[in-house]
Amino acid sequence: MQKFYKVFLVLFIIFTAVNLYAMDWQIDILAEDNLKFVFSIASAVLGILLLLVLNTWSKIGVKK
């Protein structure tokens, strides 16, 4: 994995962890107070998936 991808992987993992910590677990997950954290977690997970796809595509394009 290139350094560029590793940096973004760490950032997305940190975003996910911070938002999981900030959620109020005493109320419903889809409550209005938690909804901003749920959207942020979802976008971080999508970012991780996109990052893995881009990393795979970059490996396919390299000729040995």
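Residues numbered from 1 in each chain as written. Predicted model: local features only at pLDDT ≥ 70, side-chain atom pairs only at ≥ 80, totals over all residues. Heavy atoms only, no water.

A. Examining the environment of Gln26 more closely. Of note, Gln26 is situated in the loop between α1 (3–22) and α2 (32–61). A relative accessible area of 74% places Gln26 in the exposed class. Spatially, the C-alpha atom of Gln26 lies 26 Å from that of Leu46, the residues being 20 residues apart in sequence. (Helix = DSSP H or I, 4+ residues; strand = E, 2+ residues; numbered from the N terminus. Buried < 20%, exposed > 50% of the residue type's maximum accessible area, 1.4 Å probe, protein only.)

B. Broad picture of a nonpolar patch on the surface. On the surface, a nonpolar cluster with roughly 720 Å² of combined accessible area is contributed by Phe4, Val7, Phe8, Val10, Leu11, Ile14, Phe15 and Val18. Considering the arrangement of structural elements, one finds Phe8 in helix α1. Residue Phe8 is classed as partly exposed on the basis of its relative accessible area of 33%. (Patch = residues over 30% accessible without salt bridge, like charges linked within 9 Å, V, L, I, M, F, W, Y side chains within 5 Å. Areas by Shrake-Rupley, 256 points an atom, 1.4 Å probe, with all protein chains shown as cover. Salt bridge = Lys/Arg side-chain N within 4 Å of Asp/Glu carboxyl O.)

Honestly, it's all geometry; don't read function into it.
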